[in-house]
Each structure stands twice: as structure tokens, then as C-alpha cells.
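Spelled out from the first residue to the last, the chains are:
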Amino acid sequence: MNNIFLLLGSNLGNRKEFLQQAVEQIEVEIAPLTCVSSVYETQSWGKTDEPDYLNQVLELQTTMPAREVLQKVLAIEQSMGRKRKEKWGSRIIDIDILFYGNAIINEPDLKVPHPELHKRRFTLEPLAEIAADFVHPVLNKGILQLKNELNDSLIVKKV
């Protein structure tokens, strides 16, 4: 079994409802959740003129290969109405694979660990809540340490 961490984000419509719908679909399509962070409200990152996000981190265990997990999360996003129009644009739902166990995957459309997670407060706050001691397999630092070393001043608050 592999411990997988996913980051959910939504900044359009009924954000909380979209997060819940994604959780339900992930449990059906991939695996039951073993841990769930609180929901956090976050200023838009990348394109700062966009609406605020709700973010949440999920932990699950599965033997499903990472490539299949990616295909499943992309299918869930699409089924929920996600449109990929512009980088960092607003979205109904975004599901990122943060970690797939301790695997290091570097393929054109699948990079694990997520290459930007250590720079983003909106990722590290909820991740540290449920996996503070998890060690980043590339940086060899715990999540809490990465969060404490963060320079990102984005406002992230628990809802």
C-alpha cells in the first residue's frame, strides 16, 4: 500500500460543496480516505486577482499505480466541470497529487512529489495538520520543517 496525499482546491461557485463532491468521488474511484485536513481559505496564488480558494489535503492508501491515480483525478475534475483555460486560472475543482508514498516520478505530465509544494503555504498548512512528520523524499525535510522555513506570506486561514 502507498500513502498518497492529494490537495484539493476550489475558488468558483459553492467551493465547500465542490470540495465535498471531490472527496466523495475520490473515495469511490480511488480509495477510502485515511485522514482529512481541515478546510483552509487561501488568497489566490499565481494570479492574485482571482477569487479566494478553499483548500484541503487528503490522505489515502492504495495499490493503484500513480499513473492511474492521475488519470482518475483528471477524470474527476472533468466530470465536475473543470475547464483548463489558463495557468493558475479560477477553477471549480483542482486535485493535485502531492506525494505517492516516497516515490519520485519525473515524467512530462506526472511529477511527484509535486514540484512546487514546498513553496506554497496553501499546501503546507493543511498538509502539516495531518502529516507534520512526513519526510519529503527529495528535500529530506519534514513537512513541519518545510512550513516553518517558508517565505510565502500568503494569508491562509482555517475555516
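Structural data are supplied above this passage.
Residues numbered from 1 in each chain as written. Predicted model: local features only at pLDDT ≥ 70, side-chain atom pairs only at ≥ 80, totals over all residues. Heavy atoms only, no water.

J.: Kindly report on the overall build of the protein, identifying the contributing residues and their values.
T.: Looking only at helices and strands, the protein has 4 helices and 8 strands in total. When its helices and strands are written in sequence order, the protein yields β-α-β-β-β-α-β-β-β-α-α-β. For 159 residues, the compact-globule formula gives about 15 Å, and the C-alpha radius of gyration of the protein, at 14 Å, lands near that figure. Each principal axis of the C-alpha atoms in the protein carries an extent, and together these give about 35 × 35 × 30 Å. Looking at the protein as a whole, 49% of its 159 residues qualify as buried. Nonlocal contacts in the protein, meaning residues at least 24 apart in sequence, comprise 69% of its contacts between residues at least 6 apart. (Helix = DSSP H or I, 4+ residues; strand = E, 2+ residues; numbered from the N terminus. Rg over C-alpha atoms; globule rule 2.2 N^0.38 Å. Buried < 20%, exposed > 50% of the residue type's maximum accessible area, 1.4 Å probe, protein only. Contact = heavy atoms within 4.5 Å.)

J.: Tell me about the pattern of salt bridges, residues and numbers included.
T.: Considering all chains together, one arrives at 10 salt bridges under this definition. Arg 91 is the salt-bridge partner of Asp 94, the closest N and O atoms lying 3.1 Å from each other. A salt bridge links Glu 125 to Lys 147; its shortest N-O distance comes to 3.5 Å. One end of the pair, Glu 125, is in helix H3 (residues 121-131); the other, Lys 147, is in helix H4 (residues 143-148), and 22 residues separate them in sequence. (Salt bridge = Lys/Arg side-chain N within 4 Å of Asp/Glu carboxyl O.)

J.: I'd love a proper account of unusual backbone geometry, names of residues and values included.
T.: Residue Pro 113 is reached from Val 112 by a cis peptide bond, and omega for that bond is 0°. With a phi close to 55°, Asn 140 is a non-glycine residue in the positive phi region. Within the secondary structure, Asn 140 sits in the loop between H3 and H4.

J.: So what about the packing of helix H1 (residues 15-29) against helix H2 (residues 66-79)? Which residues, and what values?
T.: For the pair H1 and H2, interaxial distance at closest approach is 10 Å and the crossing angle is 140°. One way to sum up the angle between H1 and H2 is to call them oblique. In the crossing of H1 with H2, the sense of the turn from one axis to the other is right-handed. On H2, the residues that touch Gln 25, Ile 26 and Glu 29 of H1 are Lys 72, Ile 76 and Ser 79. Tallied by class, the residues present in the contact of H1 with H2 amount to 2 nonpolar, 2 polar and 2 charged. (Axes fitted to C-alpha atoms, helices over the stretch in contact; angles between N-to-C directions. Parallel < 35°, antiparallel > 145°, perpendicular 65-115°, else oblique. Left-handed = near helix turned anticlockwise from the far one by under 90°. Nonpolar A, V, L, I, M, F, W, Y, C, P; charged D, E, K, R; others polar.)

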